[in-house]
Amino acid sequence: LVLPAAWLASQNMVSDNLSDYFDDAHPYHRDTQLAAERLSGVSEFLYSVDTGEAYGLFDAAAIEHLDTFSGWLEQHREVVKVVSLAGARPLQEARENGRLQDRLDFYRAQIDDPESVNPLLAQTVSDDYAASLVSVFLKPLYSRRMLAFDERVQDWVSNNFDQIRVQSGGATQMYASLGEKNIRGMLTALLV
């Protein structure tokens, strides 16, 4: 009995999805589905894109890297929406007109005046303007698929960016990692 039970336990998929804990009629499950279908989703991965030098975000190459990274993220079927500094309308217009560095120089001259700094910008860049936040909203996924998505992102970054560092984080990633470790621990305890 123990050997077949151990083999069956090893066949379990180690993954979970928070919304699946609730019945279809439960308000949380319905609201989660609605947010996933009509809004930006409920699962948010956060990526810190760091240039490695103070005021590095005022270099057009850094914004181009941010745009390339955001564009690559948007191509995945798991992704509902990507929010990035590179997607800001003034920067997009400046890029289209070939004046991105001029726009960045203008912003650089403005940062010494606290009243001219956009509060949204202050929340998405580091204090030294070396790093920017990229928010990725995902469809409801099992924790294993979320962590696999993050691994693909890290692999792509290491293969495509030499001077840019990207670190992931956020509550969604934390709960996916904790959920997977918790399930593995429970299965190990069951086998023991």
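None of these values were measured; they are calculated from a predicted model.

Undergrad: Honestly, the overall build of the chain in this entry has me stumped. Any pointers?
TA: Counting its secondary structure elements, the chain contains 8 helices and 4 strands. Reading the helices (α) and strands (β) of the chain from amino to carboxyl end gives α-α-β-α-β-α-α-α-β-α-β-α. Taken over 192 residues, the chain has a buried fraction of 37%. Restricting to contacts in the chain with at least 6 residues of sequence separation, those with at least 24 account for 75%.

Undergrad: What is the right way to read the sheet that holds strand β1 (residues 43–50) from this model?
TA: The strands that make up a sheet pair up through hydrogen bonds in the backbone, lying either parallel or antiparallel. The strand order across the open sheet built from 4 strands is β2-β3-β1-β4, with neighbouring strands paired in antiparallel fashion. Each end of this open sheet is capped by a strand with a single partner; those strands are β2 (79–83) and β4 (165–169). Strand-to-strand twist in this sheet, taken as the mean axis angle between neighbours without regard to direction, amounts to 25°. As paired elements, β1 and strand β3 (residues 131–138) share 8 bridges and run antiparallel to each other. Bridged to aspartate 50 within β3 is alanine 131. The sheet strands contacting helix α7 (residues 143–160) are β1, β2, β3 and β4, and the helix crosses β1 at an angle near 20°. Strands in contact with helix α8 (residues 171–191) are β1 and β4; relative to β1, the strand with the most contacts, it is inclined by about 115°.

Undergrad: In this structure, what is going on with the side chain of serine 135? I would like to understand it.
TA: Counting through the fold element by element, serine 135 comes out in strand β3. Among the polar contacts listed, one links the side chain of serine 135 to the side chain of glutamate 44, at a separation of 3.2 Å. If we ignore the near neighbours within four places in the chain, the residues touching serine 135 are Glu44, Phe45, Leu46, Lys81, Val82 and Val83.

Undergrad: Help me understand the side chain of serine 84 in this model?
TA: Summarising the element assignment, serine 84 is placed in the loop between β2 and α4 (89–96). Reaching out from serine 84, the side chain makes a polar contact with the side chain of serine 70 at a distance of 3.1 Å. Those residues in contact with serine 84, other than ones at most four positions away along the chain, are Leu66, Ser70, Leu133 and Val134.

Undergrad: Looking at this structure, I do not really get the pattern of salt bridges. What am I missing?
TA: Here the idea is simple: oppositely charged side chains can pair when their charged atoms come close. For the structure shown, the criterion picks out 4 salt bridges. Between glutamate 64 and arginine 95 there is a salt bridge, with the nearest N and O atoms lying 3.4 Å from each other. With glutamate 64 in helix α3 (residues 60–74) and arginine 95 in helix α4, this residue pair connects regions lying 31 residues apart in the sequence. Notably, a salt bridge pairs aspartate 102 with arginine 99, separated by 3.3 Å at the nearest N-O pair. Aspartate 102 gets classed as partly exposed once you look at its relative accessible area, which sits at 41%.

Undergrad: How do you make sense of α3 when you look at a structure like this?
TA: Since the α-helix packs 3.6 residues into each turn, any two residues three or four apart lie on the same face. With 15 residues, α3 extends 21 Å from end C-alpha to end C-alpha; this agrees with the ideal 21 Å at 1.5 Å per step. Within the span of α3, buried status applies to Ala60, Ala62, Ile63, Leu66, Phe69, Ser70, Trp72 and Leu73.

Undergrad: Hey, could you run me through α7 in this one?
TA: With 18 residues, α7 ought to run about 26 Å at 1.5 Å a step, and its terminal C-alpha atoms sit 26 Å apart, in line with that. Buried-residue contacts for α7 involve β1, α3, β2, β3, β4 and α8.

Undergrad: Would you explain the confidence of the model for the chain in this entry?
TA: Low pLDDT marks regions whose predicted coordinates should not be analysed in detail. Predicted confidence across the chain gives a mean pLDDT of 82, with 88% of residues reaching 70 or more. Per-element mean pLDDT across the chain ranges from 66 in helix α6 (residues 119–124) up to 92 in α3.

Undergrad: What should I look at first to understand the packing of aromatic side chains in this one?
TA: The relation between two aromatic rings is expressed through the spacing of the ring centres and the mutual angle of the planes. Scanning the entire structure with this criterion turns up 10 aromatic pairs. Ring plane angle 85° and centroid distance 6.3 Å describe the contact between phenylalanine 45 and phenylalanine 149, whose orientation is recorded as edge-to-face. Separated by 104 residues along the polypeptide, phenylalanine 45 in strand β1 and phenylalanine 149 in helix α7 bring together distant segments of the chain. Residue classification places phenylalanine 149 among the buried residues on the basis of a relative accessible area of 0%. Taken together, the ring pairs connect Phe45, Tyr47, Phe69, Trp72, Phe149, Trp156 and Phe161 into an aromatic cluster. A cation over a ring is seen here: arginine 108 above tyrosine 55, with NZ or CZ 3.9 Å from the ring centre.

Rules of the game
Residues numbered from 1 in each chain as written. Predicted model: local features only at pLDDT ≥ 70, side-chain atom pairs only at ≥ 80, totals over all residues. Heavy atoms only, no water. Helix = DSSP H or I, 4+ residues; strand = E, 2+ residues; numbered from the N terminus. Buried < 20%, exposed > 50% of the residue type's maximum accessible area, 1.4 Å probe, protein only. Contact = heavy atoms within 4.5 Å. Pairing = 2+ DSSP bridges. Axes fitted to C-alpha atoms, helices over the stretch in contact; angles between N-to-C directions. Polar contact = N/O pair within 3.5 Å; in protein donor to acceptor, adjacent residues only side chain to side chain. Salt bridge = Lys/Arg side-chain N within 4 Å of Asp/Glu carboxyl O. Expected span 1.5 Å × (residues − 1). pLDDT = per-residue confidence, 0-100. Phe/Tyr/Trp six-rings, centres within 6.5 Å; stacked < 30°, edge-to-face > 60°. Lys NZ or Arg CZ within 6 Å of the ring centre and 35° of its normal.

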